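Listed below, chain by chain, are the residues.
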Number of protein chains: 4
Amino acid sequence: MVRLGVIGCGRIGRVHADSIDVHPRAELARVHDPFDAAAREVGTAFGAEWGTDVDSVMGDPSIDAVVVASPTPTHVDLLTRAVRAGKAVLCEKPIDLDLTRVDACRAEIGALADRVMVGFNRRFDPSFRDIRTRVEAGEVGPLEQLTIISRDPVPPPAAYVATSGGLFRDMTIHDFDMARYFLGEVVEVTATGANQVSDEIAAAGDIDGAVIVLRGANGTLASITNSRRCAFGYDQRLEAFGALGMLTAANQLPTSVRFSGADRTEVAAPYHNFFLDRYTPAYRAEMDHFVTAIETGSAPSPGFADGRAALVLADAANESLRTGATVQVVGS
Amino acid sequence: MVRLGVIGCGRIGRVHADSIDVHPRAELARVHDPFDAAAREVGTAFGAEWGTDVDSVMGDPSIDAVVVASPTPTHVDLLTRAVRAGKAVLCEKPIDLDLTRVDACRAEIGALADRVMVGFNRRFDPSFRDIRTRVEAGEVGPLEQLTIISRDPVPPPAAYVATSGGLFRDMTIHDFDMARYFLGEVVEVTATGANQVSDEIAAAGDIDGAVIVLRGANGTLASITNSRRCAFGYDQRLEAFGALGMLTAANQLPTSVRFSGADRTEVAAPYHNFFLDRYTPAYRAEMDHFVTAIETGSAPSPGFADGRAALVLADAANESLRTGATVQVVGS
Amino acid sequence: MVRLGVIGCGRIGRVHADSIDVHPRAELARVHDPFDAAAREVGTAFGAEWGTDVDSVMGDPSIDAVVVASPTPTHVDLLTRAVRAGKAVLCEKPIDLDLTRVDACRAEIGALADRVMVGFNRRFDPSFRDIRTRVEAGEVGPLEQLTIISRDPVPPPAAYVATSGGLFRDMTIHDFDMARYFLGEVVEVTATGANQVSDEIAAAGDIDGAVIVLRGANGTLASITNSRRCAFGYDQRLEAFGALGMLTAANQLPTSVRFSGADRTEVAAPYHNFFLDRYTPAYRAEMDHFVTAIETGSAPSPGFADGRAALVLADAANESLRTGATVQVVGS
Amino acid sequence: MVRLGVIGCGRIGRVHADSIDVHPRAELARVHDPFDAAAREVGTAFGAEWGTDVDSVMGDPSIDAVVVASPTPTHVDLLTRAVRAGKAVLCEKPIDLDLTRVDACRAEIGALADRVMVGFNRRFDPSFRDIRTRVEAGEVGPLEQLTIISRDPVPPPAAYVATSGGLFRDMTIHDFDMARYFLGEVVEVTATGANQVSDEIAAAGDIDGAVIVLRGANGTLASITNSRRCAFGYDQRLEAFGALGMLTAANQLPTSVRFSGADRTEVAAPYHNFFLDRYTPAYRAEMDHFVTAIETGSAPSPGFADGRAALVLADAANESLRTGATVQVVGS
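Residues numbered from 1 in each chain as written. Chains lettered and ligands numbered in written order. Predicted model: local features only at pLDDT ≥ 70, side-chain atom pairs only at ≥ 80, totals over all residues.

(A) Just the overall build of chain A, in detail. Along the backbone of chain A there are 12 helices and 15 strands. Once the C-alpha set of chain A is aligned to its principal axes, its extents read approximately 55 × 55 × 45 Å. Expressed as a percentage of the 332 residues in chain A, the buried residues total 58%. Of the contacts formed within chain A by residues at least 6 apart in sequence, a portion of 69% connects residues at least 24 apart. (Helix = DSSP H or I, 4+ residues; strand = E, 2+ residues; numbered from the N terminus. Buried ≥ 20, exposed ≤ 12 C-beta atoms within 10 Å, placed from the backbone. Contact = placed C-beta atoms within 7 Å.)

(B) Representation of the relation of the copies chain B and chain D. Of the transformation placing chain B onto chain D, the axial shift is 0.0 Å and the rotation is 180°, giving an RMSD of 0.0 Å. Expressed as an axis order, the relation between the two copies is that of a two-fold axis. Taking the C-alpha atom as reference, chain B places V22 of chain B closest to the rotation axis, 3.7 Å from it. Same-surface contact between copies: 100% of interface residues of chain B are shared with the interface of chain D. (Least-squares fit on C-alpha atoms with pLDDT ≥ 70 in both.)

(C) Quick peek at the domain arrangement of chain A. Residue and element names in this part refer to chain A. Parsing chain A into structural domains produces domain 1 (2–118) and domain 2 (122–328). Counting residues at the interface gives 25 residues for domain 1 and 23 residues for domain 2. For the side of domain 1 that touches domain 2, the elements supplying multiple residues, two or more each, are α1 (11–22), β5 (88–91), α5 (99–109) and β6 (116–118). Per-element tally for the side of domain 1 that touches domain 2: the top contributor is α1, with 5 residues. Among the residues forming the side of domain 1 that touches domain 2, the class breakdown is 17 nonpolar, 3 polar and 5 charged. (Domains from an automatic or database assignment. Nonpolar A, V, L, I, M, F, W, Y, C, P; charged D, E, K, R; others polar.)

(D) How the structure looks around the pairing of strand β5 (residues 88–91) of chain B. Residues and elements named next belong to chain B. Covered by surrounding structure in β5 are A88 and L90 together with V89 and C91, the residues of both alternating faces. In terms of handedness, the path from strand β4 (residues 65–68) via helix α4 (residues 75–84) over to β5 forms a crossover that is right-handed. Where β5 and strand β6 (residues 116–118) come together, 3 bridges link them in parallel fashion. Paired with L90 across the bridge in β6 is M117. Traced from β5 through helix α5 (residues 99–109) to β6, the parallel crossover comes out right-handed. (Right-handed = clockwise from strand over helix to strand, strands pointing away. Pairing = 2+ DSSP bridges.)

(E) Representation of the relation of the copies chain A and chain D. For the pair chain A and chain D, the best superposition has an RMSD of 0.1 Å and corresponds to a rotation of 180° with a translation of 0.0 Å parallel to the axis. Here 100% of the interface residues in chain A have copies in chain D that are interface residues too; the copies meet face to matching face.

(F) Representation of the packing of helix α1 (residues 11–22) of chain C against helix α12 (residues 280–296) of chain C within the structure. All names here are of chain C. The N-to-C vectors of α1 and α12 enclose an angle of 65°; their axes lie 9 Å apart at closest approach. α12 is crossed by α1, and the crossing has right-handed handedness. Contacts between α1 and α12 pair V15, H16, S19, I20 and V22 from the former with Y283, R284 and M287 from the latter. Among the residues making up the contact of α1 with α12, the classes are represented as 5 nonpolar, 2 polar and 1 charged. (Axes fitted to C-alpha atoms, helices over the stretch in contact; angles between N-to-C directions. Left-handed = near helix turned anticlockwise from the far one by under 90°.)

(G) Looking closely at the sheet that holds strand β15 (residues 327–328) of chain D. Strand order in the open sheet made by the 9 strands is β14(B)-β13(B)-β12(D)-β11(D)-β7(D)-β10(D)-β9(D)-β8(D)-β15(D), with mixed pairing throughout. Looking at which strands have only one partner, the edges of the open sheet turn out to be β14 (264–267) of chain B together with β15 of chain D. Bridge analysis of strand β7 (residues 143–151) of chain D against strand β10 (residues 221–227) of chain D gives 7 bridges, and the strand direction is parallel. Residue pairing for β10 of chain D: L146 of chain D is matched across the bridge by A222 of chain D. Against the sheet, helix α6 (residues 126–136) of chain D makes contact with β13 (257–261) of chain B together with β7, β11 (235–242) and β12 (245–249) of chain D, and its axis sits at roughly 165° relative to β12 of chain D, the strand it touches most.

(H) A look at the interface of chain B and chain D. The interface is formed by 23 residues belonging to chain B together with 23 residues belonging to chain D. Of all elements in the fold, only α6 (126–136), β12 (245–249) and β13 of chain B reach the threshold of two or more residues within the side of chain B that touches chain D. As paired strands, β13 of chain B and β12 of chain D are joined by 5 bridges and run antiparallel to one another. Its bridge partner lying in β12 of chain D, V257 of chain B is registered against A249 of chain D.

(I) Local environment of unusual backbone geometry. Cis geometry marks the peptide bond from S301 of chain C to P302 of chain C; its omega dihedral reads 5°. Within the element layout of this structure, P302 of chain C appears in the loop between α12 and α13 (304–323). With an omega of -15°, the peptide bond running from K93 of chain D to P94 of chain D counts as cis. Note on placement: P94 of chain D falls in the loop between β5 (88–91) and α5 (99–109). The backbone of E266 of chain B shows a phi angle near 55°, a positive value even though the residue is not glycine.

(J) Summary view of helix α12 (residues 304–323) of chain A. All names here are of chain A. For α12, which comprises 20 residues, the first-to-last C-alpha distance of 29 Å matches the rise-based estimate of 28 Å (1.5 Å per residue) to within 8%. With 15 of 20 residues buried, α12 is to be regarded as a mostly interior element. Note on α12: the residue one or two positions beyond its end, G324, has a positive phi of about 70°. (Expected span 1.5 Å × (residues − 1).)

(K) Quick peek at the interface of chain A and chain D. Facing the 26 residues of chain A at the interface are 26 residues of chain D. Elements that contribute at least two residues to the side of chain A that touches chain D include exactly β7 (143–151), β8 (186–194), β9 (209–216), β10 (221–227) and β12 (245–249) of chain A. For the side of chain A that touches chain D, the class distribution of residues is 10 nonpolar, 13 polar and 3 charged.

(L) Region of the structure containing the environment of L221 of chain C. Within the element layout of this structure, L221 of chain C appears in strand β10 (residues 221–227). A residue is classified by how many C-beta atoms lie within 10 Å of it, and L221 of chain C, with 27 of them, is buried. With 98 residues separating them in the primary sequence, L221 of chain C and E319 of chain C have C-alpha atoms 19 Å apart. With sequence-adjacent residues up to four places away left out, L221 of chain C is seen in contact with T192, A194, G209 and V211 of chain B together with Q145, V213 and R215 of chain C.

(M) The arrangement of the sheet that holds strand β4 (residues 65–68) of chain D in detail. All names here are of chain D. Read across the sheet, 6 strands follow the order β3-β2-β1-β4-β5-β6 without closing on themselves; strand pairing throughout is parallel. One side of each edge strand has no neighbouring strand; the edge strands of this open sheet are β3 (49–51) and β6 (116–118). Neighbour to neighbour, the strand axes of the sheet diverge by 20° on average, direction disregarded. With 6 bridges joining them, strand β1 (residues 2–7) and strand β2 (residues 26–32) adopt parallel strand pairing.

(N) A look at the nonpolar core. V89 of chain A, V89 of chain B, V89 of chain C together with V89 of chain D are the most contacted members of the largest nonpolar core, which totals 436 residues. In this view, V89 of chain A contacts A65, V66, V68, L79, A82, V83, R115, V116 and M117 of chain A; residues no more than four positions away in its chain are not counted. (Core = buried A, V, L, I, M, F, W, Y, C linked by C-beta atoms within 7 Å.)

(O) A look at the pairing of strand β2 (residues 26–32) of chain B. Residue and element names in this part refer to chain B. Across the 7 residues of β2, 6 count as buried, placing the element largely inside the fold. For the handedness criterion, the β-α-β arrangement of strand β1 (residues 2–7), helix α1 (residues 11–22) and β2 is classed as right-handed. When β2 meets strand β3 (residues 49–51), the two strands line up parallel, connected through 3 bridges. Its bridge partner being in β3, R30 is matched across the sheet by E49.

(P) Region of interest: helix α2 (residues 36–46) of chain B. All names here are of chain B. Taken residue by residue, α2 has A39, V42 and G43 as its buried positions. When α2 is viewed along its axis, its buried side chains cluster within an angular range of 100° and face the same direction. Opposite the buried face of α2, at more than 90 degrees from it, the exposed residues are A37 and T44. As for α2, its buried residues are in contact with α1, β2 and β3. One or two residues past the end of α2 sits G47, with phi positive at roughly 65°. (Arc of directions from axis to C-beta.)

Below, the structure is given as structure tokens:
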């Protein structure tokens, strides 16, 4: 059994605790949160030790790996301590909002970066993964255009936005990683943004909608369409278009039931409301990959470099938004 | 140009007049109806001669063919007169409600039966036809089960029901023909019926819903589900299931537009409301087949024998309904 | 925690063991199988005690409930012993192939029948359940026609067929129960059958395809279409048609991915192959219902009477098949 | 009857001749082409006068309107002559490749511009039109994002590309008009392009794929994804996303037939291959609008100003492509 600790008992920490709980070869040893109540609730729910002292996780030699699910500003420090303590790390995205800090962290941990996995869960979504596998196998021929549509159901609270790093580093970062998953190296970013959803977001100097175009090193174009609000739930779609055809992943429905009546037909239920429902299988597959990497001693993927590269693209998108010009990217 | 006369200027006569009008090699020469106003309206609308004397159609040597779209009791007489006058005939279903009269007609016209086409328009629906072609080509392997769902949007008026010959001879007759289109000879009929839609229909001694099971000579089972009422429009679907797979024809939508909103997703518009909309391409393809048969001197299909066979199945279904037992059929 | 024992460590026993394993309030205490290897394998896999002596299950006072997943001929005896030992029972379908034995069992256990749940898992399928709930809520108005299509991917081995009790009692029994789930009391059965799939099945005197029509006490017609072979996987669909509209449950796909290429478009992957994949959520919801019934002391549903009623319909279908006539049913 | 002349008997001229032919209140009086054989073929096919002298069209006072379907460089001259001759004009897109010439033409014809309709046929597609109507009616709330995917099945011949004006003025111009149909005034254009399809196109200095982002005066973002090649046919889709939901138009299939077999399910046939099939109903509705405008004396729409505005956007896209920067647009 791989024994894991979870640091951070908020919404996403609980998701990981659950994935560990149902994994046949993983065991949730201990959860941590600076708030006693949060730690106790999650610890109790999953039958794990719990506490407010992070050293009890870091210093426990029986714990093989740590999931860093705490607020973003704490990621670098916790990640660094954990790998130094000999543990594998699954770190939630982003590693940090500041590329300088990310690079400093990378310099500090050196080869231990290979023990770090970054939580780009969507790579493990069965539909997206299936498309990636089939693109790699040549089913659509050379990939020419990738279309990502990614909309959140409701905008986050103003307080969250204030420290989020902005749309590109907070939300689009998942889509940047998805683009890299298909395109490999990205060399060019062109971003447009809009304020249509929330006055609070505008007041905070952030945008709430965007269309971003990326160019891969091999010429493939990828477009990402984002919105902070989507009336019909969590809109998560992808199309991979190539010389021989196209693979698409549509939104997913909780059942296969449809209604036809006097004034409308084939009506489906609402889509999954948000990532907790939509990506449950992805989070579990992500955890399985992490556990397996620990067992086999291999470097998990997506890794530290992928976390950094997505941030580079987010920064480039911000620069493009500011200058109104395409930005050339190196090292993504 | 093939010159045609249309006898009967009701709803279905107008459909045929329209199909002739848009056909590049056909010309609507004359329309007839015992009601002066009806004949004039259709004649004027399509730029054809019109009148109330049927001899002006039968006796016009420039007219190559006649569409019999008058009330059912007149079909046999008009069909007989027309073929004797040297004309090809497209006769609306059913030839007659009484099998004895159909057989007498057949005896009387002899080999001229080859000049008669019966208006089972659904054989010409592009979707059903495509499935038939692919089944014949072996795409699903030996055909094992055929599922037909056929529901009308609203029940007919009581006055219509009274003279309709009952559900099986009036409505299901199209489905019996469709079953024969796929199964060839049918050897067994098992029928169940229900009264759920209309008290008037029940009072007239008829049923308004049914499930009928047919067995083909080669063992294939076909089921037909009927209702006289369908809240969501004209429900016309078919599935051909065989050893290697299945071909299905779904209901058709006027546009490809779908709506997703807060409490429902992928909402389509209502289906086509009834046969005039749903089967317009089928009526036109039917007319094209008829015109081409006249041009080439070949016997059109479905022919007189198909019209008779569907009636045999309707009579067998009525017997099965009365006796509660499966009825063996000969000669369908 | 509700502590359960599983008797029978074959395919379906393992499914139930898994459902218990992932249930937060249930614990798999012990598994039994007359074959030592089978019991050990399942017991080890789920961390439960295991053995070949059924008394170790029946006699263990710490075990609250027993899942009877052994061969059909043993069901009545094991079920009887278990309820007498004070345990709740989840008995796989059918209770027995012989209605006389079922009735004798019922007489013997008396009021303890309320402690028996019968394993009609499809009632717990999220899609079918959603339709049932919405039909009950009046969304389609009075239910007029129910269409069930239920096809297995591949025919069972000849040895299985020989002791299966025939298509209706072995396979259709699930569909009979589904019909009762929607129609309530069924008063009439009309069955047709066919041999198209397997010479071995024919040689065993059984059919391998069927269309059965049921009539509910309130007049609703239900049709069931069965086949022992389906090239495209496990075909499990249902339509509930009423005066105000229709609710349909389509087959389910493992991902939302579709391919479009030069000669075909919107190609989906194969459906779930068989019940283990298709009905995993149903089996888990079934177990949750059973566990909750034990916790609350309520009678689980579907119960003993439902198991009996489905068998009555299967027997009626066999009689209809033999006589070629509709069979009136009492007490279903 | 409205009497029309068609100038240019190539592929698109023939489409318009056909639309006139089937229109109940329009008559194809005369067709013109500098090539005698082309004029004769189309004239004969539709029973119209034909010739190689354009004055026989312009000078015929019985002709109410002219369809300009000749090569682009002749549009301005023919359009000008026709309106001066008192005729209404349906001019194929683009009016001209050179905005200066378009503006000079506009200055020259003055108020007669109101008699000019520009052939943006897609505005008349029943699906796109339905979405537009429903967006205007507020069904999705304020429009926030418009997603247009528009791919041609195969790249045009090199000779065509050489004089086409480039991707944006030749192909994307339809999508620019579609964006304006939904957004109204467009104020900003950001374009990216790619060469993935054809070496000949690259050699001609043109691109063969693109993603363009437009911003409307009210802030709505529109993205257009283009390719000169699409393996699965003519890819023509649109999504209108707003605060309350989304309306989508999917690709259209010739029948509703789907196949399910051993290794794939729900397989549809190829989409319509190209605009002649896909947009037949649109071309007919376009002609109906034009004929009705003539009958009622109203200005047809889209008009001259719409033709100019789409060209302005194409020019802006070319500038954005060249500079790598967003281009501000005035007067679109």
